[in-house]
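Observations on chain architecture
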Amino acid sequence: MNSHTEYMTFNTEKRRDYINITTDIEKALAKSGIQEGFVLVSAMHITAGVYINDAEPGLIADIDEWLDKLAPLGPDYRHHRTGEDNGDAHLKNLMIGPQVMLPITEGNLDLGPWQQVYYAEFDGRRRKKLIIKIIGE
Amino acid sequence: MNSHTEYMTFNTEKRRDYINITTDIEKALAKSGIQEGFVLVSAMHITAGVYINDAEPGLIADIDEWLDKLAPLGPDYRHHRTGEDNGDAHLKNLMIGPQVMLPITEGNLDLGPWQQVYYAEFDGRRRKKLIIKIIGE
Amino acid sequence: MNSHTEYMTFNTEKRRDYINITTDIEKALAKSGIQEGFVLVSAMHITAGVYINDAEPGLIADIDEWLDKLAPLGPDYRHHRTGEDNGDAHLKNLMIGPQVMLPITEGNLDLGPWQQVYYAEFDGRRRKKLIIKIIGE
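This report concerns the structure included in the present document. (Residues numbered from 1 in each chain as written. Chains lettered and ligands numbered in written order. Predicted model: local features only at pLDDT ≥ 70, side-chain atom pairs only at ≥ 80, totals over all residues. Heavy atoms only, no water.)

Each partner contributes to the interface: chain B provides 33 residues, whereas chain C provides 26 residues. Where chain B abuts chain C, roughly 2600 Å² becomes buried across the two surfaces, and 63% of that area is made up of carbon and sulfur atoms. Looking at the side of chain B facing chain C, the largest losses of area belong to Phe38, Asp62 and Trp66 of chain B, adding up to 24% of the total buried there. Between Asp62 of chain B and Arg78 of chain C there is a salt bridge, and its shortest N-O distance comes to 3.2 Å. Run the count over chain B and chain C and you get 14 residue pairs in polar contact (both at pLDDT 80 or more). Sorting the residues of the side of chain B that touches chain C by element identifies β3 (37–43), β4 (48–53), α2 (57–70), α3 (87–96) and β5 (99–105) of chain B as the ones contributing at least two each. Top contributing element to the side of chain B that touches chain C by residue count: α2 of chain B, with eight residues. Along the lines of polarity and charge, the residues of the side of chain B that touches chain C split into 19 nonpolar, seven polar and seven charged. (Contact = heavy atoms within 4.5 Å. Buried area = accessible area lost by both parts, 1.4 Å probe. Salt bridge = Lys/Arg side-chain N within 4 Å of Asp/Glu carboxyl O. Polar contact = N/O pair within 3.5 Å; in protein donor to acceptor, adjacent residues only side chain to side chain. Helix = DSSP H or I, 4+ residues; strand = E, 2+ residues; numbered from the N terminus. Nonpolar A, V, L, I, M, F, W, Y, C, P; charged D, E, K, R; others polar.)

All names here are of chain B. Where α2 meets α3, the closest approach of the two axes is 9 Å, and the angle between their N-to-C directions is 115°. Here the hand of the crossing between α2 and α3 comes out right-handed. Here Ile63, Trp66, Leu67, Asp68 and Leu70 of α2 come into contact with α3, specifically with Asp88, Lys92, Met95 and Ile96. Tallied by class, the residues present in the contact of α2 with α3 amount to six nonpolar, no polar and three charged. (Axes fitted to C-alpha atoms, helices over the stretch in contact; angles between N-to-C directions. Left-handed = near helix turned anticlockwise from the far one by under 90°.)

Let's shift gears to the relation of the copies chain B and chain C. When chain B is brought onto chain C, the operation consists of a screw motion whose angular component is 120° and whose axial shift is 0.0 Å, with 0.0 Å RMSD remaining. Such values leave the two copies arranged in the relation of a three-fold axis. (Least-squares fit on C-alpha atoms with pLDDT ≥ 70 in both.)

With that out of the way, let us pick up the pattern of salt bridges. Going through the model one piece at a time under the given rule, you end up with 39 salt bridges over all chains. For the salt bridge of Arg15 of chain B with Asp85 of chain B, the shortest nitrogen-to-oxygen distance reads 3.5 Å. Placement of the pair is Arg15 of chain B in the loop between β1 (2–10) and β2 (17–20) and Asp85 of chain B in the loop between α2 and α3, with a sequence separation of 70 residues. A relative accessible area of 16% places Arg15 of chain B in the buried class. Salt-bridge contacts for Lys92 of chain C lead to Asp68 of chain C; the nearest nitrogen and oxygen are separated by 2.8 Å. A residue pair is termed long-range when its members are at least 10 positions apart, and Lys92 of chain C in helix α3 (residues 87–96) and Asp68 of chain C in helix α2 (residues 57–70) qualify at 24 residues. For Lys92 of chain C, a relative accessible area of 0% translates into the label buried. (Buried < 20%, exposed > 50% of the residue type's maximum accessible area, 1.4 Å probe, protein only.)

Overlaying chain B on chain A yields an RMSD of 0.0 Å, the required transformation being a rotation through 120° with an accompanying axial translation of 0.0 Å. Of all interface residues in chain B, a mere 19% are interface residues in chain A too; the two copies therefore contact each other through different surfaces.

With that settled, consider the nonpolar core. Judged by nonpolar contacts, the single largest core of 54 residues is most densely connected at Tyr51 and Trp66 of chain A, Tyr51 and Trp66 of chain B together with Tyr51 and Trp66 of chain C. Once residues lying within four places of it in the same chain are set aside, the contact partners of Tyr51 of chain A are Tyr18, Ile60, Ile63, Ile96, Val100, Gln116, Val117, Tyr118 and Ala120 of chain A together with Leu94 of chain B. (Core = buried A, V, L, I, M, F, W, Y, C linked by side-chain atoms within 4.5 Å.)

Before going further, it helps to examine the interface of chain B and chain A. Interface size, as often reported, equals the accessible area lost upon joining of the parts. In this assembly, 26 residues from chain B lie in contact with 33 residues from chain A. Interface of chain B and chain A: buried area, both sides summed, is about 2600 Å²; carbon and sulfur atoms make up 64% of it. The three residues of chain B that bury the most area against chain A are Met1, Arg78 and Leu94 of chain B, which together make up 26% of that side's buried surface. Between chain B and chain A we count three salt bridges in total. Linking chain B to chain A there are 14 residue pairs in polar contact (both at pLDDT 80 or more). Looking at the side of chain B that touches chain A, the elements that each hand over two or more residues are β1, β3, α3, β5 and β8 (128–136) of chain B.

The next thing to look at is the sheet that holds β5 of chain B. Residue and element names in this part refer to chain B. Read across the sheet, five strands follow the order β1-β8-β3-β5-β6 without closing on themselves; strand pairing throughout is antiparallel. Unpaired on one side and paired on the other, β1 and β6 (108–109) mark the two borders of the sheet. Across nine bridges, the pairing between β1 and β8 is antiparallel. Looking at β8, one finds that Tyr7 is bridged to Ile131. (Pairing = 2+ DSSP bridges.)

All names here are of chain A. Along strand β4 (residues 48–53), six of the six residues are buried, which leaves the element largely enclosed by surrounding structure. Because side chains alternate across β4, one face comprises the buried residues Ala48, Val50 and Ile52, and the other comprises Gly49, Tyr51 and Asn53, equally buried. Sheet topology places β4 next to strand β7 (residues 116–121); six bridges connect them, and they run antiparallel. Bridge assignment links Asn53 to a residue of β7, and that residue is Gln116.

We now examine the side chain of Lys133 of chain B. Within the element layout of this structure, Lys133 of chain B appears in strand β8. Using a relative accessible area of 0% as the deciding quantity, one classes Lys133 of chain B as buried. A polar contact of 2.5 Å, which involves the side chain of Lys133 of chain B, links it to the side chain of Glu36 of chain A. Setting aside chain neighbours within four positions, we find Lys133 of chain B in contact with Glu36, Gly37, Phe38, Pro103, Ile104 and Thr105 of chain A together with His4, Thr5, Phe38, Val39 and Leu40 of chain B.

Before going further, it helps to spend a moment on unusual backbone geometry. Backbone geometry follows two general trends: most residues other than glycine have a negative phi, and most peptide bonds adopt the trans configuration. With phi around 65°, Arg125 of chain A is a residue other than glycine that occupies positive phi space. Position of Arg125 of chain A among the secondary structure elements: in the loop between β7 and β8 (128–136). Residue Arg125 of chain A is classed as exposed on the basis of its relative accessible area, which comes to 53%. Its identity is not glycine, yet Glu106 of chain B carries a phi of approximately 50°, on the positive side. As for its placement among the helices and strands, Glu106 of chain B is situated in the loop between β5 and β6. For Glu106 of chain B, a relative accessible area of 63% gives the class exposed.

This is the structure we're talking about:
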């Protein structure tokens with residue numbers, strides 16, 4: 001069994017942003033040399049998420065609007081009593097999920113034709129970290 | 001370390017459908033011969049999901065109604081400007097999630113008594129694919 | 001490749017409860033001796049979830065309120081025709097997800113500074129089970 005670990009950092013200009021990291025994951029996989037296994041891609045903060053979906057700008061705007069409708073910015077969350085203002089970002093993280101697991105087959109990410117991996121930032125303008133961990137052979 | 005990879009295809013008659021695939025996963029596991037490890041079950045399309053829950057028809061109808069309430073079919077999603085009409089299906093996929101990871105212990109899926117694995121189709125009537133990837137020993 | 005499997009049981013006094021299990025997972029990892037790999041933490045029931053977020057009581061109350069707003073207790077779910085009254089708990093499970101996968105690096109959980117793992121009970125006052133499964137080397 002082999003393993004390979006990498007970290008990515010983000011510091012987005014906008015509070016919320018959606019960044020396609022598929023190519024970064026493919027590069028990490030190539031470095032690992034692993035042919036069969038799994039890649040875990042997981043946000044290391046609790047106000048950001050990772051998801052798989054389409055690289056279509058209209059859809060990304062739909063996703064952002066939908067997340068903010070179901071987990072709205074602004075209301076008086078109890079969490080804000082700590083001095084934070086990002087209660088919505090914690091809920092958006094729970095909604096979309098913090099991580100995905102990608103299958104590796106014959107040395108490649110075994111994804112469908114439209115599957116792209118996104119880092120979803122919900123409370124940017126500060127340094128955030130993500131882990132790419134590959135296990136296999 | 002051993003690995004085993006299988007694909008399933010679906011082409012549902014209905015736009016939305018919920019298919020119990022637990023037995024299919026058990027068969028793939030038996031073929032793999034793996035005793036201790038993980039099974040990744042992941043939709044390869046971005047308008048379908050995979051989840052674990054109960055094989056109870058009333059509950060499945062509740063799940064369908066609930067998903068359509070929170071990510072409704074029909075409204076004018078920006079994504080529809082591309083000619084698609086399945087914006088809701090992308091959001092339902094994000095809501096329920098595209099994948100699950102199942103533990104394997106002593107050669108069996110190590111699930112609780114009511115845990116059944118479902119493929120959730122949100123934009124059917126076309127050919128869709130799913131991957132079952134097993135890693136272990 | 002090595003593996004290590006443990007089970008936890010819960011029997012909460014309240015219908016809904018949120019229990020920090022990070023230390024339990026760290027203890028299981030220490031017993032396993034695994035240095036590089038993955039830990040799957042997965043509820044074995046379909047009315048409970050597992051998530052990663054902050055150990056902040058205000059936020060936990062926000063999460064509970066938010067889940068109950070989007071998947072409310074009480075309404076006449078079709079599932080209740082079976083005699084159950086926990087339709088909401090099934091939907092809350094789907095909302096938050098049943099499991100997380102944790103990376104192991106140099107023998108430790110490779111988590112960010114605020115990441116804590118929670119067992120989320122949505123239909124307590126009965127015995128429930130969770131699996132911790134570690135694979136690696």
